[in-house]
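Secondary and tertiary structure notes
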Amino acid sequence: MNWETVIGLEVHAQLATKSKLFSGASTAYGAPPNTQACLIDLGLPGVLPVLNAEAVRMACQFGLAIQATVPARSVFARKNYFYPDLPKGYQISQYELPIVQGGQLKIEIDTLEKTIGITRAHLEEDAGKSLHEDFHGLSGIDLNRAGTPLLEIVSEPDLRSAKEAVAYLKKLHSLVRYLNICDGNLQEGSFRCDANVSIRPLGTTTLGTRTELKNLNSFRFIERAINFEVERQIALLENGQKIQQETRLYDAEKNETRPMRSKEEANDYRYFPDPDLLPLVISPQFLTQLIPTLPELPDAKRDRFMRDYELSSYDANVLTQSRELADYFEEVVSTVPGEPKLCANWVMGDLSALLNKHHLDITQSKVTAQQLAKLLKRILDNTISGKIAKQLFEAMWNQEGEPDALIEKQGLQQVTDEGAIDKIIDQVIQQNPKQLADYRSGKEKLFGFFVGQVMKLSQGKANPAQVNELLKQKLSG
Amino acid sequence: MHTQSIPQISAALQQGQLSSVELTQHYLNRIERYNPQLNAFITVTDELALAQAQAADKYLKNGTAGPLTGIPFAHKDIFCTQGLLTSCASKMLANFIAPYNATIVEKCQVAGLVILGKTNMDEFAMGSSNETSYYGPVKNPWDLQAVPGGSSGGSASAVSARLTPGATGTDTGGSIRQPSALCGITGLKPTYGLVSRYGMIAFASSLDQGGPMAHSAEEVAWLLNAIAGFDPRDSTSLEREPVDYSAQLNNNLQGLKIGLPKEYFGEGLDPAVDTLIQTALQELEQAGAELHSIELPNTPLAVPIYYIIASAECSSNLSRYDGVRYGYRCEEPQDLMDLYQRSRGEGFGAEVKRRIMIGTYALSAGYYDAYYLKAQQIRRLISNDFAQAFQKVDIIAGPTSPTPAFNLGEKFNDPVKMYLSDVYTIPVNLAGLPALSLPVGLIQQRPVGLQLIGNYFGEPKLLNVAHQYQQRTHWHQLTPTHF
């Protein structure tokens, strides 16, 4: 039988606020345990939550960016359950009336565009962390993370493959970073994903029994975990077995999913509106004023790159994946006008290769956009060849200096003086009489050999176009 | 000294006829002498009180004192007091030293009030007789066989026996007004949101409101001036222009329309209480007020829905007491579930557990709509009843409690009967209105309280009416015989 995969994703994006969702404690990552948990985060008797306005603004921006409804009234609710790292015995979340309702995100799969529905996004506070190592059979609790603001973004079950799921996540990841509302760090848990996966016979419309996959902390693992889970479900159904609705943990080392301890199985969270917080009222004026603060979003930027710079959709997509990369590219282009394709090739080629090699992102680049632009200008004005430029770029990356100074110091200026090139060609021809004879007797492939020798002798500095032209004349005798 | 009112003491302090240290020592002596009979205090803070009194005397001397500077005071043990035991009268918090001050405590300190100690109460403010306290029941100074009412029974008993000039209380379903009535003092539950809940240990967040308790309306007005006001740390606190609550005490009552809800004078009301209430109402009539019969038709629904809403909120609010971070933890827990079950099983008393269970049930999947949601809808109807009444009258009056103080143990094993003793006070919390109880007489040496209910932020009017009544009567000046 042919099966169709149905995936819905829940993403927890940690909002990049300075303080927590309901207290003034810092949200900075990596502090010693329990040093960033105030009275409110500790859930002491008598404390009360006060909503962080910045988190609300960020959630609204997100809502606007995905063309969702941000209702005039949303409500915080308590999700009640006991866990040692949940200090109040309930999590303040949103349940029936979330702050963002019904949006969408466009993804591109093999050059085809697909729209994925976003059911809702709601604000909630994070729990703390339980630490089970280093305490000799006891558990430690770190409440630094307790109360950190999260935006939980829930997609419709519109995704049909692991590949689509990853495309959606990358797009969402890019969007929250464009909006500057989440640092998107998967390793530190600022962008976490759970996947609801089910399968059904192709052509049917009812949903199959789903499993929820957790512990998916990289895009690669997400793809693998979903693929594993789909295969597992197919095998079960094809063997006449049933799928259990359950939460499964992905084990990256073994590349498998397995059922989680069923601690949450029969949980009734007893949601009810939090009486400590009034309904959240958002005025249309507030939203109207927020619209101009939104940055140009990935799709719009990609379209503009294709239109204004005549880039291919592939190039435009790559360059707009992050706002910083796009900004870098545009800074280069603005200094080297009229050559967007050259700029794009360098940013996507040599620059990206070095960034990847050193595991850096664009904001950590050793070569600034201005420096790269200067280098490209020297190619365009024939001061250096493309090949020399590549060497120079490495030198610049290694902080050896500015392009012009390096060209000067290392004497890398391209040789465009015909007399000088003539001399080199003559020398090459003289030194290779056999090859000359072969060439003249019809072995035209040897032309490349002569070009190579000339370039070598000129230490790569001879202008390749001139070399070609002059060499042709000389060789033909 | 202890029969003087707060304004009288204040004048004596300001004029240097009396020092705060002398005064404070006097009250500490009275506490030492009488508290063993009454059990009104959980903690007495002698040293801190005297230190604060000394500081107050300095301010009184150098002219930087306010009207309340140097006056002794007590806080219900539900308010967090930095460095002091804050137990909420529960075994669960019998080891909890609060690391911060509640806003109300902070404001009292700023006003210069001297803290004598923390008063006893029903465990987590759940009770109407002060019999659910982990620290044992509080006695009513008018009759040691009688309950003082609850849950602010320690505060009411202490004020009544003149162990403190005033005290804070909290009122979720009548917990300031009912003990005030049963102990013969004046207590005010302010409009929901007028007094900050920050640092007040939550029972039912949408109903809880702190307020002052003292002998007279005038004293209550002085104290309210100190504790009312917007607090950015409480999201349900209301931002309003500050009001001087003592400014309108002397307005005359000519033409004041008082509504008498017929539901408050029907079945269940002790006829002797009814008689005293009628006498008090005649007194107000003579002072110029007009009496009008009104209807609050949804009153009978108030008690049942209160026990759904309050219990639902409490079941969630009390989840934090899990034995993990502070408070009571059972001996040698075997695993996490054992830690939870035994810490909570052993740390909470029976009434608290009963309400947690009711609330958990009411919020459970499949029951939420039928109980919690329905209760909230009825709550709106009850508010609407009051809104309609206030289109016709300025204030509403009736008994605070259907009976005078009952005997210790009398209703303890019949929770429904106990719950019904709050039938006249609960609707006010559901609507978030202000209400005050003032003493209007005695039945066999047990006091009776008149309840005055105002419209939102109608505290000045309530205090005005109560003060005018107290100008014409002496009930608020009585001291129980043996104190």
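Each chain carries its own residue numbering, running from 1 in the written order of its sequence. Throughout, the order in which chains and ligands are written sets their labels, letters from A for the former and numbers from 1 for the latter. It should be noted that, the model being predicted, local features are given only for residues of pLDDT at least 70 and side-chain atom pairs only at 80 or more, the latter also being counted only at that level, while totals for whole chains, interfaces and linings use all residues. Excluded from the side-chain calculation are hydrogens and water; included are all heavy atoms of the structure.

Quick look at the overall build of chain B
- For chain B, the helix and strand inventory stands at 15 helices and 11 strands.
- For chain B, the C-alpha radius of gyration of 21 Å lies close to 23 Å, the compact-globule estimate for 483 residues.
- For the C-alpha atoms alone, the extent of chain B along its principal axes is close to 65 × 55 × 45 Å.
- Only heavy atoms enter the contact rule, under which two residues are in contact if any of them lie within 4.5 Å. For chain B, the proportion of contacts with a sequence separation of at least 24, taken over those separated by at least 6, is 76%.
- Throughout, the Shrake-Rupley method with a 1.4 Å probe supplies accessible areas, and for residues the shown protein chains are the sole cover considered. Summing over all exposed atoms, chain B offers an accessible surface of approximately 16,700 Å²; the carbon and sulfur share of this is 50%. Helix and strand definitions follow DSSP, with helices as H or I runs of at least four residues and strands as E runs of at least two, each counted in order from the N terminus. Each radius of gyration reported is based on C-alpha atoms, and the globular scaling rule is 2.2 Å times the count of residues to the power 0.38.

Description of the overall build of chain A
- In terms of regular secondary structure, chain A is built from 15 helices and 15 strands.
- A compact globule built from 477 residues should have a C-alpha radius of gyration of about 23 Å, whereas chain A, at 30 Å, is more than 25% larger.
- The principal-axis extents of the C-alpha atoms in chain A amount to approximately 95 × 55 × 55 Å.
- Throughout this description, buried means an accessible area under 20% of the type-specific maximum (1.4 Å probe, protein chains only), exposed means over 50%, and partly exposed covers the range between. When the 477 residues of chain A are sorted by exposure, 51% land in the buried category.
- Considering only contacts within chain A whose residues lie at least 6 apart along the sequence, 70% involve residues at least 24 apart.
- On chain A, roughly 22,900 Å² of surface is accessible, and the fraction owed to carbon and sulfur atoms is 50%.
- When charges are counted, Lys and Arg contribute as positive and Asp and Glu as negative, whereas His and the chain ends are disregarded. The atom standing in for a charge is NZ when the residue is Lys, CZ when it is Arg, CG when it is Asp and CD when it is Glu. The averaged location of the 62 negative side-chain charges in chain A is 3 Å from the averaged location of its 54 positive side-chain charges.

Topic: the interface of chain B and chain A
- If you look at the interface, chain B gives 37 residues, while chain A gives 30 residues.
- Once two parts are brought into contact, the accessible area they lose, counted with a 1.4 Å probe and summed over both, makes up the buried area. For the chain B and chain A pair, buried surface summed over both sides reaches about 2,800 Å², with 59% attributable to carbon and sulfur atoms.
- Salt bridge, as applied in this entry: a Lys or Arg side-chain nitrogen positioned within 4 Å of an Asp or Glu carboxyl oxygen. The interface formed by chain B and chain A holds one salt bridge in total.
- Of the charged contacts, one joins B:Arg197 and A:Asp276 as a salt bridge, the two residues approaching to 3.1 Å between their closest N and O atoms.
- Counting of polar contacts relies on pairs of N or O atoms within 3.5 Å, with two restrictions inside protein: one atom must be capable of donating a hydrogen and the other of accepting it, and residues adjacent in sequence are counted only when both atoms are side-chain atoms. Put simply, chain B and chain A have 17 residue pairs in polar contact (both at pLDDT 80 or more) between them.
- Listed by contribution, the elements that provide at least two residues to the side of chain B that touches chain A are helix H9 (299–317), helix H10 (336–347) and helix H11 (350–363) of chain B.
- Ranked by residues supplied to the side of chain B that touches chain A, first place goes to H9(B) with four residues.

Digging into the pattern of salt bridges
Residues and elements named next belong to chain A.
- Counted according to the given criterion, the structure contains 50 salt bridges over all chains.
- Residues Lys171 and Asp299 are paired through a salt bridge, measuring 2.5 Å at the closest nitrogen-oxygen approach. Here Lys171 is found in helix H2 (residues 162–178), whereas its partner Asp299 is found in helix H5 (residues 298–308), with 128 residues between them in sequence.
- Judged by its relative accessible area of 17%, Lys171 falls in the buried class.

Comments concerning the side chain of B:Asp338
- Within the secondary structure layout, B:Asp338 lies in helix H10.
- Not counting residues up to four positions away in its chain, the partners in contact with B:Asp338 are B:Cys330, B:Glu332, B:Pro333 and B:Ser343.

Overview of the side chain of A:Glu164
Residue and element names in this part refer to chain A.
- Inspection of the secondary structure assignment puts Glu164 in helix H2.
- Within the local environment of Glu164, its side chain forms a polar contact with the backbone nitrogen of Arg160, the two atoms lying 2.9 Å apart.
- Beyond its immediate chain neighbours, meaning those up to four positions away, Glu164 contacts Ile107, Ile109, Lys114, Asp158 and Leu159.

Here we look at the domain arrangement of chain A
- What the domain assignment lists for chain A is domain 1 (3–289), domain 2 (296–410) and domain 3 (418–475).
- For domain 2 of chain A versus domain 3 of chain A, the distance between C-alpha centres works out to 33 Å. Domain delimitation follows an automatic or database domain assignment.

Section: the pairing of strand E11 (residues 446–454) of chain B
All names here are of chain B.
- Among the nine residues in E11, nine count as buried, and that is most of the element.
- In E11, alternate side chains face the same way, and those of Arg446, Val448, Leu450, Leu452 and Gly454 on one face and Pro447, Gly449, Gln451 and Ile453 on the other are all buried.
- Direction of pairing for strand E9 (residues 395–399) relative to E11: antiparallel, over a ladder of five bridges. Bridge assignment links Gly398 to a residue of E11, and that residue is Gln451.
- In this sheet, E11 lies alongside strand E10 (residues 435–443) in antiparallel orientation, the contact comprising eight bridges. Bridge pairing in E11 places Leu442 opposite Pro447.
- In this antiparallel pair of consecutive strands, E10 and E11, the connection spans two residues, and Gln444 shows a positive phi of 45 degrees. Strand pairing is defined by DSSP finding a minimum of two bridges between the two strands.

Some points on the sheet that holds strand E5 (residues 100–109) of chain A
Residues and elements named next belong to chain A.
- With mixed pairing, eight strands are arranged side by side in an open sheet as E5-E6-E9-E1-E10-E11-E12-E13. Each end of this open sheet is capped by a strand with a single partner; those strands are E5 and strand E13 (256–259). With direction set aside, neighbouring strand axes in the sheet form an average angle of 30 degrees.
- Where strand E6 (residues 112–125) and strand E9 (residues 149–155) come together, seven bridges link them in antiparallel fashion. Bridge pairing in E9 places Leu123 opposite Leu151.
- Fitted lines through C-alpha atoms give the axes, limited to the stretch in contact for helices. The angle between two N-to-C directions lies from 0 to 180 degrees. Relative to strand E10 (residues 191–201), helix H3 (residues 219–238) is tilted by about 25 degrees, and along the sheet it contacts strand E1 (3–14), E10, strand E11 (211–216), strand E12 (246–251) and E13.

Comments concerning helix H1 (residues 6–14) of chain B
All names here are of chain B.
- Those residues of H1 lying buried are Ile6, Pro7, Ile9, Ser10, Ala12 and Leu13.
- Looking at the buried side of H1, the elements it contacts are helix H2 (20–38), helix H3 (46–62) and helix H7 (217–227).
- Gly16, located one to two residues past H1, shows a positive phi value of around 75 degrees.

A word on the packing of helix H8 (residues 340–357) of chain A against helix H10 (residues 386–397) of chain A
Residues and elements named next belong to chain A.
- Where H8 meets H10, the axes come as close as 11 Å, and the angle between the chain directions of the two elements is 40 degrees. Taken as axis vectors, H8 and H10 run oblique relative to one another. As for how H8 packs across H10, the hand of that crossing is right-handed. Between H8 and H10, the residues in contact are Trp346, Asp350, Leu351, Leu354 and Leu355 and Gly386, Ala389, Lys390, Phe393 and Trp397, respectively.
- We call Asp, Glu, Lys and Arg charged. Ala, Val, Leu, Ile, Met, Phe, Trp, Tyr, Cys and Pro are nonpolar, and the rest, Gly among them, are polar. Residue composition of the contact of H8 with H10, by class: seven nonpolar, one polar and two charged. Put simply, angles under 35 degrees are roughly parallel, angles over 145 are roughly antiparallel, angles from 65 to 115 are roughly perpendicular, and the rest are oblique. Here a crossing is taken to be left-handed if its near helix is turned anticlockwise relative to the far helix by less than a right angle, and right-handed if that turn runs clockwise.

What about the layout of surface pockets?
All names here are of chain A.
- Note on definitions: the grid is 1 Å and covers protein atoms alone; a cavity is a set of points where a 1.4 Å probe fits but cannot get out; a pocket is an open set with protein on both sides within 12 Å along at least five of seven lines; lining residues have an atom within 4 Å of a point. Grid points are joined across faces, edges and corners, and a volume is the space filled by probe spheres set on the points. There is about 1,800 Å³ of room inside the second largest pocket.
- Along the wall of the second largest pocket there are 44 residues; nearest its centre are Lys170, His173, Phe219, Gln321 and Ser322.
- Of all the secondary-structure elements, those providing two or more residues to the lining of the second largest pocket are E5, H2, H3, H5, helix H6 (313–319), helix H7 (323–335) and H8.
- Sorting elements by how many residues they give to the lining of the second largest pocket places H2 first, with eight residues.
- Here the lining of the second largest pocket is built from residues that sort into 14 nonpolar, 16 polar and 14 charged.
- Residues from two domains meet in the lining of the second largest pocket; each of domain 1 (3–289) and domain 2 (296–410) gives at least three.

Some words on unusual backbone geometry
Residues and elements named next belong to chain B.
- In this chain, Gly150 is followed by Ser151 through a cis amide linkage whose omega measures 5 degrees.
- Mapped onto the elements, Ser151 comes out in the loop between strand E3 (114–119) and helix H5 (153–160).
- The residue Glu332 is not glycine, and still its phi comes out positive at about 40 degrees.
- With respect to the element layout, Glu332 can be found in the loop between H9 and H10.
- One non-glycine residue, Gln445, adopts positive backbone phi at about 65 degrees.

Comments concerning the nonpolar core
- Residues B:Phe124, B:Phe386, B:Leu450 and B:Leu452 are the most contacted members of the largest nonpolar core, which totals 154 residues.
- The greatest single-element share of this core, amounting to nine residues, is contributed by H9(B).
- A:Val11, A:Val176, A:Cys182 and A:Ile222 belong to the second-largest nonpolar core, a separate cluster that totals 68 residues. Side-chain atoms within 4.5 Å are what join buried Ala, Val, Leu, Ile, Met, Phe, Trp, Tyr and Cys residues into a set we call a nonpolar core.

Section: the packing of helix H14 (residues 446–457) of chain A against helix H15 (residues 464–475) of chain A
All names here are of chain A.
- Closest axis-to-axis distance for the H14/H15 pair is 10 Å, and the angle between their directions is 125 degrees. Considering their axes alone, H14 and H15 lie oblique with respect to each other. The interaxial crossing formed by H14 with H15 has right-handed handedness. In contact with Phe447, Phe450, Val451, Val454 and Met455 of H14, H15 contributes Pro464, Val467, Asn468, Leu471, Lys472 and Leu475.
- Of the residues that constitute the contact of H14 with H15, the class distribution is nine nonpolar, one polar and one charged.

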